[in-house]
Amino acid sequence: MTDSVARALEAALANRRCFGQLLIQKNGAHFIISHRDDEGRDDLAIFRKSEHALEIAKYDDAGNYRPLKTAPNLRRGWRLEVADFTELRRALDHFYPGRLAMFAVWKDNRLISTPLRETLNRQSGMYRVAARISDEQTSDVVADFCQSDGGCLRTILWKRNTSGAIASTKLPNEKFEPSHDQTGHGKKVIPLLCQEACNLLVAECRKVVKGE
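To start, this report covers the structure provided alongside it. Quick caveat: nothing in here was measured; it's all calculated off a predicted structure. (Residues numbered from 1 in each chain as written. Predicted model: local features only at pLDDT ≥ 70, side-chain atom pairs only at ≥ 80, totals over all residues. Heavy atoms only, no water.)

**Overview of the pairing of strand S2 (residues 22–27)**
Taken together, the two bridges between strand S1 (residues 18–19) and S2 define a ladder with antiparallel strand orientation. If you follow Cys18 over to S2, its bridge partner there is Leu23. Once S1 ends, the chain turns through two residues before running back antiparallel as S2, passing Gly20 with a positive phi of about 65°. Connecting S2 to the next strand, strand S3 (residues 30–35), in antiparallel fashion are two residues, including Gly28 with a positive phi near 70°. (Pairing = 2+ DSSP bridges. Helix = DSSP H or I, 4+ residues; strand = E, 2+ residues; numbered from the N terminus.)

**Digging into the pairing of S3**
Within S3, five of the six residues are buried, leaving the element largely enclosed by the surrounding structure. Summarising the sheet, S3 and strand S5 (residues 78–82) pair through four bridges and their orientation is antiparallel. Within S5, the residue paired with Ile33 across the bridge is Leu80. (Buried < 20%, exposed > 50% of the residue type's maximum accessible area, 1.4 Å probe, protein only.)

**Quick word on the packing of aromatic side chains**
If you walk through the whole model with that rule in mind, you get five aromatic pairs. Consider the rings of Trp78 and Phe95, whose centres lie 5.2 Å apart with planes at 25°: the pair is stacked. Here Phe95 lies in helix H3 (residues 85–95) and Trp78 lies in strand S5, a separation of 17 residues in the sequence. The class of Trp78 is buried, set by a relative accessible area of 0%. The class of Phe95 is buried, set by a relative accessible area of 1%. Here Phe103 and Trp106 contribute two aromatic rings whose centre-to-centre distance is 6.0 Å and whose plane-to-plane angle is 35°, an arrangement assigned as tilted. (Phe/Tyr/Trp six-rings, centres within 6.5 Å; stacked < 30°, edge-to-face > 60°.)

**Section: the packing of helix H6 (residues 135–146) against helix H7 (residues 199–210)**
One can describe the packing of H6 onto H7 by two numbers: an axis separation of 10 Å at closest approach and a directional angle of 135°. Our classification of the angle between H6 and H7 gives oblique. The handedness of the crossing between H6 and H7 comes out as right-handed. Contact with H6, carried on its side by Gln137, Val141, Val142, Phe145 and Cys146, involves Leu200, Leu201, Glu204, Cys205 and Val208 of H7 and no other residues of that element. Of the residues in the contact of H6 with H7, the class split is eight nonpolar, one polar and one charged. (Axes fitted to C-alpha atoms, helices over the stretch in contact; angles between N-to-C directions. Parallel < 35°, antiparallel > 145°, perpendicular 65-115°, else oblique. Left-handed = near helix turned anticlockwise from the far one by under 90°. Contact = heavy atoms within 4.5 Å. Nonpolar A, V, L, I, M, F, W, Y, C, P; charged D, E, K, R; others polar.)

**A closer look at the environment of Ile24**
Take Ile24: it is sitting in strand S2. Distance from Ile24 to Ser34, taken between C-alpha atoms, is 6.8 Å for residues ten residues apart in sequence. Other than its neighbours up to four places away in sequence, Ile24 contacts Leu13, Arg17, Phe19, Phe31, Ile32, Leu88 and Leu92.

**Re helix H4 (residues 99–107)**
Considered for burial, the residues of H4 that qualify are Arg99, Leu100, Met102, Phe103, Ala104 and Val105. Positioned one or two residues after H4, Asn109 has a phi angle of 60°, which is positive.

**A few points about the sheet that holds S3**
Strand order in the open sheet formed by six strands is S4-S5-S3-S2-S1-S7, with mixed pairing between adjacent strands. A single partner strand is all that each edge strand has here, and the edge strands are strand S4 (45–47) and strand S7 (189–190). Pairing analysis gives two bridges linking S1 to S7, with the strands arranged parallel. The partner of Cys18 across the bridge, within S7, is Val189. Packed on one face of the sheet, H3 meets S1, S2, S3 and S5 and runs near 20° to S3.

**A word on the nonpolar core**
If you look at the biggest cluster of nonpolar residues, it comprises 30 residues, and the most contacted ones within it are Phe19, Leu22, Ile33, Leu88, Leu92 and Phe95. Secondary-structure elements contributing two or more residues to this core are helix H1 (2–12), S2, S3, helix H2 (52–56), S5, H3 and H4. Other than its neighbours up to four places away in sequence, Leu88 contacts Leu9, Leu13, Ile24, Phe31, Ile33 and Val82. (Core = buried A, V, L, I, M, F, W, Y, C linked by side-chain atoms within 4.5 Å.)

Below, the structure is given as structure tokens:
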């Protein structure tokens, strides 16, 4: 898996510099990561260790904790300079945990997605009730929680059920297209892929069923 991730990332960086809200630039053997919206700024706070990405990604501009790292609310005002490709990979994994591995598997045509109904049906304890959500409610919840504008920047690959029903009829087709830049900037990107509904979405489904 490690080698496949490295190969996929190296190949992608040949013509793509964007990964979610990140801008990746090469300077000799070094790499520079910054917020895409900060391109061209020269007043950014400088960091030089891949581990600093953990702290950068923890809070939004208002200081609020970010439970969903692929939400479009990564804070601005920083510049992370790392020494080599290995440190770049570590930093990107800190910003978007697990997404490089999913990208590599997808590039190898080995990515298997899990339908939402299957994810909900395997829940236990307090989340078991989430499986009772209706299809209409599901379409609304997914559209609200997963929309790229204010929700999540991942590209949805999973279906609603084993019959192949679309995750939500209220999302644009681009939400399911890996080549689309979910930030809305229209650039070539390394996609943030979603192969299975996350725990936060499951929790939202539970809230709907419980009427919270």
